[in-house]
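Chain by chain, the residues:
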Amino acid sequence: PTRELAVQIAQQLEGFSYFLNISSLPVYGGTDGMEWEQQRKALTQGVDVVVATPGKLISFLNMDIVPVQNLQHLVLDEADRMLDMGFVDDIMRIISYLPETRNTLLFSATIPIRIRELTQRILRNPVEVNIAMSKPAEGILQLAYMTYDKQKTKLLSGLIKGRDLPSVLIFASTKIKVKAIAKELAAEGFQVADIQSDLEQSDREKVLLRFRNRQLQMLVATDVLSRGIDI
């Protein structure tokens, strides 16, 4: 569903390919002309594994340059999140290009009715594997605060100030809220940056790198970053 997840999976595949004779390619939007040409060339010549966001993959499929006739495996990762983001039509369009005989795997953190409807449309006699919900790690404190919107940033500031918290990750529901929270926290003197869809891909990657390297105390993000991002 997101560029960051596509990049992260592609990086893991690159590590695996050190021991295996496979090639992989991340395909996502927000890149420049040079990267687009590299992606087009790799897809045309053939690659073992393509890790793609739906919209960008469709643009290449429309150009009829992706050799999908021999495709063996289709993996839909974070399927419920992709449905939440409105990708169901894109997924069905991608599937329309693919050979009917293939192995399809669908991974989802939750199985709401819409996901079950999707599985009925794209899976044949599937085997279902359910993993028990994990409990929070020991020592994790979970708290909920009832507050008005205008009080939230002050509450956040009060919870963080004076405490030894080298890394703080804050989620908000929209990119407008993300920008506003980051701006207010920065005005209070915190080392903070935001990450949301208005940023160029290169800037998003720089922000994540700074946060991983502890050069940035706080990161405010939309909830798409909460799925599968390894920090």
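Computed from a predicted model, the values in this text were never measured in an experiment. (Residues numbered from 1 in each chain as written. Predicted model: local features only at pLDDT ≥ 70, side-chain atom pairs only at ≥ 80, totals over all residues. Heavy atoms only, no water.)

Draft legend 1. Local environment of the pairing of strand 1 (residues 24-27). On strand 1, burial follows the alternation: Leu-25 and Val-27 on one face are buried, whereas Ser-24 and Pro-26 on the facing-out side are not. Sheet topology places strand 1 next to strand 2 (residues 49-52); four bridges connect them, and they run parallel. Residue pairing in the sheet places Pro-26 in a bridge with Val-51 of strand 2. Viewed along the sheet, the connection from strand 1 through helix 2 (residues 33-45) into strand 2 turns out right-handed. (Buried < 20%, exposed > 50% of the residue type's maximum accessible area, 1.4 Å probe, protein only. Helix = DSSP H or I, 4+ residues; strand = E, 2+ residues; numbered from the N terminus. Pairing = 2+ DSSP bridges. Right-handed = clockwise from strand over helix to strand, strands pointing away.)

Draft legend 2. Layout of the pattern of salt bridges. Scanning the entire structure with this criterion turns up eight salt bridges. Of the charged contacts in the structure, one is a salt bridge between Glu-100 and Arg-124, with a shortest N-O distance of 3.2 Å. Taken together, the positions of Glu-100 in the loop between helix 5 (88-97) and strand 4 (103-106) and Arg-124 in the loop between helix 6 (113-122) and helix 7 (152-160) put the pair 24 residues apart, joining distant regions of the chain. By the burial criterion, Glu-100 is exposed, and Arg-124 matches it. Two residues, Lys-152 and Asp-149, come together in a salt bridge whose shortest N-O distance is 3.0 Å. Note on Lys-152: relative accessible area 40%, which makes it partly exposed. Here the residues in one salt-bridge network are Lys-175, Lys-179 and Asp-198, joined through shared partners. (Salt bridge = Lys/Arg side-chain N within 4 Å of Asp/Glu carboxyl O.)

Draft legend 3. Region of interest: the sheet that holds strand 5 (residues 168-172). Read across the open sheet, the three strands follow the order 5-7-6; overall the sheet is parallel. A single partner strand is all that each edge strand has here, and the edge strands are strand 5 and strand 6 (192-195). Mean inter-strand twist for the sheet, computed between neighbouring axes without regard to direction, equals 20°. One ladder, built from four bridges, connects strand 6 with strand 7 (residues 218-222); its direction is parallel. By the bridge assignment, Ala-193 is partnered in strand 7 with Leu-219. Docked against the sheet, helix 8 (residues 175-187) engages strand 5, strand 6 and strand 7, running at close to 165° with respect to strand 7. Of the strands in this sheet, strand 5, strand 6 and strand 7 are in contact with helix 9 (residues 201-212), which crosses strand 6 at around 135°. (Axes fitted to C-alpha atoms, helices over the stretch in contact; angles between N-to-C directions. Contact = heavy atoms within 4.5 Å.)

Draft legend 4. Helix 6, seen in detail. Looking only at helix 6, the buried set comprises Ile-115, Leu-118 and Ile-122. What you see down the axis of helix 6 is that its buried residues fit within an arc of 60°, all on one side. Within helix 6, the exposed residues directed more than 90 degrees away from the buried face are Ile-113 and Gln-120. The elements touched by buried residues of helix 6 are strand 3 (73-76), helix 4 (79-84), helix 5 and strand 4. (Arc of directions from axis to C-beta.)

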